[in-house]
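A structural walkthrough
Spelled out, the chains give:
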Amino acid sequence: MTGRLNSAQPFALGLYRIVVGLLFLCHGAASLFGVLGRAAGTDGGTVEAGTWPGWYAAVIQLVGGGLVLLGLGTRAAAFVASGSMAYAYFKVHQPMGLWPMENGGEASAMFCWAFLLLVFTGSGAFGLDRLFVKRAVRERRPAAEPVAV
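Residues numbered from 1 in each chain as written. Predicted model: local features only at pLDDT ≥ 70, side-chain atom pairs only at ≥ 80, totals over all residues. Heavy atoms only, no water.

**Observations regarding the confidence of the model for the protein**
Averaged over every residue, the pLDDT of the protein is 88; the share at 70 or more is 87%. At the low end of the mean pLDDT range in the protein sits helix α6 (residues 128-140), at 74; at the high end sits helix α5 (residues 106-121), at 97. (pLDDT = per-residue confidence, 0-100. Helix = DSSP H or I, 4+ residues; strand = E, 2+ residues; numbered from the N terminus.)

**Let's talk about the packing of aromatic side chains**
The final tally for this structure, using the stated rule, is eight aromatic pairs. On the numbers, 5.7 Å between centres and 55° between planes, the contact of Phe11 with Phe126 is tilted. Of this pair, Phe11 sits in helix α1 (residues 2-33) while Phe126 sits in the loop between α5 and α6, and the two are 115 residues apart along the sequence. Summarising the aromatic geometry, the rings of Phe24 and Phe115 are spaced 4.6 Å apart at their centres and angled 65° between planes, so their arrangement reads as edge-to-face. Taken together, the positions of Phe24 in helix α1 and Phe115 in helix α5 put the pair 91 residues apart, joining distant regions of the chain. Here Phe24 and Phe115 have matching classes, each one buried. Within the aromatic cluster, the residues linked to one another by ring pairs are Trp52, Trp55, Tyr56 and Tyr87. (Phe/Tyr/Trp six-rings, centres within 6.5 Å; stacked < 30°, edge-to-face > 60°. Buried < 20%, exposed > 50% of the residue type's maximum accessible area, 1.4 Å probe, protein only.)

**Focus: the nonpolar core**
Residues Phe24, Val68, Ala78, Met85, Phe111, Phe115 and Leu118 are the most contacted members of the largest nonpolar core, which totals 15 residues. With six residues, the single largest contributor to this core is α5. (Core = buried A, V, L, I, M, F, W, Y, C linked by side-chain atoms within 4.5 Å.)

**Examining the side chain of Ser123**
Mapping Ser123 onto the fold places it in the loop between α5 and α6. The residues touching Ser123, leaving out its near neighbours within four places in the chain, are Leu13, Gly14, Arg17, Gly71, Thr74, Asp129 and Arg130. (Contact = heavy atoms within 4.5 Å.)

**Notes on the environment of Gly28**
With respect to the helices, strands and loops of the structure, Gly28 is situated in helix α1. The buried category is assigned to Gly28, whose relative accessible area is 0%. Residues Gly28 and Gly65, 37 residues apart in the sequence, show an inter-C-alpha distance of 8.1 Å. Those residues in contact with Gly28 that lie beyond four places of it in its chain are Ala58, Gln61 and Leu62.

**Some thoughts on the packing of helix α3 (residues 74-93) against α5**
α5 packs onto α3 with a crossing angle of 155° between their chain directions and a minimal axis gap of 8 Å. As summarised for this structure, α3 and α5 are arranged roughly antiparallel, according to the angle between their axes. Where α3 crosses over α5, the two elements pack in a sense that is left-handed. Between α3, through Arg75, Ala78, Phe79, Ala81, Ser82, Met85, Ala86, Ala88, Tyr89 and His93, and α5, the contact on the second element is made entirely by Ser108, Ala109, Phe111, Cys112, Phe115, Leu116, Leu118, Val119, Phe120 and Thr121. By residue class, the composition of the contact of α3 with α5 is 15 nonpolar, four polar and one charged. (Axes fitted to C-alpha atoms, helices over the stretch in contact; angles between N-to-C directions. Parallel < 35°, antiparallel > 145°, perpendicular 65-115°, else oblique. Left-handed = near helix turned anticlockwise from the far one by under 90°. Nonpolar A, V, L, I, M, F, W, Y, C, P; charged D, E, K, R; others polar.)

**Structural notes on the packing of helix α2 (residues 54-70) against α3**
The geometry of a pair of packed helices is captured by two quantities: the angle between their axes and the separation between those axes. Close contact between α2 and α3 brings their axes to 9 Å; oriented N to C, the two are set at 145°. With respect to the hand of their crossing, α2 and α3 are arranged in left-handed fashion. Facing Ile60, Gln61, Gly64, Leu67 and Val68 of α2, the residues of α3 in contact are Thr74, Ala77, Ala78, Val80, Ala81, Ser84 and Met85. For the contact of α2 with α3, the per-class residue count stands at eight nonpolar, four polar and no charged.

**Quick notes on α1**
In this model, α1 (32 residues) spans 45 Å end to end at C-alpha, consistent with the 46 Å of a helix rising 1.5 Å per residue. Taken together, the buried positions of α1 are occupied by Leu13, Gly14, Arg17, Val20, Gly21, Phe24, Leu25, Gly28, Ala29, Ala30, Ser31 and Leu32. Turning to α1, the residues buried within the fold contact α2, α3 and α5. (Expected span 1.5 Å × (residues − 1).)

Following this line, the structure appears as structure tokens:
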């Protein structure tokens, strides 16, 4: 049973990455364009372009979520996304209370840890990262020597 679970690990990780990336992308799209849901702290509107930190966080959410969703530059995108959520938790939520349940920071804390996991695991299956790695390995492989008969 353990062998089957271990062999499915890259696929489970790939699906996890896709879901986390999509959810993060939705937060950014809601904040920047008012689509795919209601942006937090905007009363249903969008964040004003260039405002700190909301607009920059929304851009990180949209771009980082998209990259993670596609599995393209997963580790770097996840690192930036994780850091932005740590910043959001400690600068925005934590001053309102110690625990995430009392300060409204559950999503920030969960996204921070979810992305930190992806920094260490990579994209898993279904990621574009894997396609580029396979192509690079094929291009570096020396041509096969002719077989003498």
